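Examination of the molecular architecture
Residue strings, one per chain:
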Amino acid sequence: MTKTICVFSSSSSAVDSIYFDISIELGEKLGREGFDLIFGGADVGLMGIVARTAQNNGAKVTGVIPKSLVEKKIAYQDADELITSNNLRDRKEIIELKSDAFIALPGGFGTMEEIIEILTLKQFQFHSKPIVLINTNNYYDNLMAQFETGYRENFAKKEYKDLYHVSRSAENAIEYIKQYVPKQLPSKWF
């Protein structure tokens, strides 16, 4: 059973309010549905909003943050558990191992890199956990178009669309995770 959901999201506070709204919606949904949250451990941007909101709605919150970022004083100190990693690579490994599912809110380079790595791990069958991208304000449309190009040009199999789910709302994302059944996908190699 899915219990701990990782949320990848932006540490920027300079984004449009629509992205804060979906972060609040997701945090509320996580807590009210009885899920725990694991995230990148920062108290800034969408990360901080999701963590505080989830915690205020009953979720246990675990942050995983590199010590270099703790030194910058941006760690979410109110987390139920705050794990300090050596670096970003260690952080990703800890999060991946402790998560039962993954949700990507809109975010920058870090969010993109994290969700692509989780997709790649699933493609190579290192895990079979649900992955959801919340496409607020059509944020992920261009990434989905790039994926389509990859399918069309045979860089990836069309069946790999089943590696992930694209959602427009927190409610749909959580429902997908609750109903998720892993599929047996073909090997990466043609």
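Given the structure is predicted, the values throughout are model-derived calculations rather than measurements.

Right, let's talk about the overall build of the chain for a bit. A count of helices and strands for the chain gives seven helices and seven strands. Relative to the globule expectation of 16 Å for 190 residues, the C-alpha radius of gyration of the chain, 16 Å, shows essentially globular dimensions. For the C-alpha atoms alone, the extent of the chain along its principal axes is close to 45 × 35 × 35 Å. Taken over 190 residues, the chain has a buried fraction of 48%. Considering only intrachain contacts with a sequence separation of at least 6, the fraction spanning at least 24 residues in the chain is 70%. Charge centroids of the chain, computed over 22 positive and 25 negative side chains, lie 4 Å from each other.

Structurally, Arg 91 can be placed in helix H4 (residues 88–98). Here Arg 91 falls in the buried class, since its relative accessible area comes to 8%. Contacts of Arg 91, omitting those with residues within four sequence positions, involve Gly 40, Met 47, Val 64, Ile 65, Pro 66, Leu 69, Ser 85 and Glu 114.

Quick look at unusual backbone geometry now. If you check the backbone angles, Asn 137 has positive phi at about 60° while not being a glycine. Here Asn 137 is to be found in the loop between strand E6 (131–134) and helix H6 (141–152). For Asn 137, a relative accessible area of 49% puts it in the partly exposed group. At Asn 138, a position not held by glycine, the phi torsion is positive, near 60°. Here Asn 138 is to be found in the loop between E6 and H6.

What follows deals with the packing of H4 against helix H5 (residues 109–123). For the pair H4 and H5, the least separation of the axes is 12 Å and the interaxial angle reads 55°. Here H5 runs oblique to H4, going by the angle between their axes. Of the two elements, H4 crosses H5, and the hand of that crossing is right-handed. Note on element contacts: H5 touches H4 through Glu 113, Glu 114, Glu 117, Ile 118 and Leu 121, opposite Arg 91, Lys 92 and Glu 96.

All right, on to the pairing of strand E3 (residues 61–66) then. In regular strands, side chains alternate between the two faces of the sheet. The buried fraction of E3 is high, at six of six residues. Where burial is concerned, the two faces of E3 agree: the one with Val 61, Gly 63 and Ile 65 and the one with Thr 62, Val 64 and Pro 66 are both buried. Examined bridge by bridge, strand E2 (residues 36–39) and E3 share three bridges and lie parallel to one another. Paired with Leu 37 across the strands is Val 61, a residue of E3. Each parallel crossover has a hand, and for E2 linked through helix H2 (residues 45–56) to E3 it is right-handed. As paired elements, E3 and strand E4 (residues 81–85) share five bridges and run parallel to each other. Residue pairing in the sheet places Val 64 in a bridge with Ile 83 of E4.

Take the layout of surface pockets next. Put simply, the largest pocket is a space of about 320 Å³. In terms of lining residues, the largest pocket is bounded by 18 residues, among which Ser 11, Met 47, Arg 91, Gly 110 and Glu 114 are the most central. Among the secondary structure elements, those contributing two or more residues to the lining of the largest pocket are H4 and H5. With five residues, H5 is the single largest residue contributor to the lining of the largest pocket.

This paragraph deals with helix H1 (residues 17–32). Across its 16 residues, H1 extends 23 Å between first and last C-alpha, which sits within 8% of the 22 Å expected from 1.5 Å per residue. Buried residues belonging to H1 abut strand E1 (4–8), E2, H2, strand E5 (101–104), E6 and helix H7 (170–179). Between a side-chain oxygen at the N-terminus of H1 and the backbone nitrogen of Ile 18 the separation is 2.9 Å; the capping residue is Asp 16. Immediately beyond the C-terminal end of H1, within one or two residues, lies Gly 34, with a positive phi of roughly 85°.

Parameters and conventions
- Residues numbered from 1 in each chain as written.
- Predicted model: local features only at pLDDT ≥ 70, side-chain atom pairs only at ≥ 80, totals over all residues.
- Heavy atoms only, no water.
- Helix = DSSP H or I, 4+ residues; strand = E, 2+ residues; numbered from the N terminus.
- Rg over C-alpha atoms; globule rule 2.2 N^0.38 Å.
- Buried < 20%, exposed > 50% of the residue type's maximum accessible area, 1.4 Å probe, protein only.
- Contact = heavy atoms within 4.5 Å.
- Lys, Arg positive; Asp, Glu negative; His and termini not counted.
- Charge placed at Lys NZ, Arg CZ, Asp CG, Glu CD.
- Axes fitted to C-alpha atoms, helices over the stretch in contact; angles between N-to-C directions.
- Parallel < 35°, antiparallel > 145°, perpendicular 65-115°, else oblique.
- Left-handed = near helix turned anticlockwise from the far one by under 90°.
- Pairing = 2+ DSSP bridges.
- Right-handed = clockwise from strand over helix to strand, strands pointing away.
- 1 Å grid on protein atoms, 1.4 Å probe; cavity = no way out; pocket = protein on both sides within 12 Å on 5 of 7 lines; lining within 4 Å.
- Points joined across faces, edges and corners; volume = space filled by probe spheres on them.
- Expected span 1.5 Å × (residues − 1).
- Polar contact = N/O pair within 3.5 Å; in protein donor to acceptor, adjacent residues only side chain to side chain.

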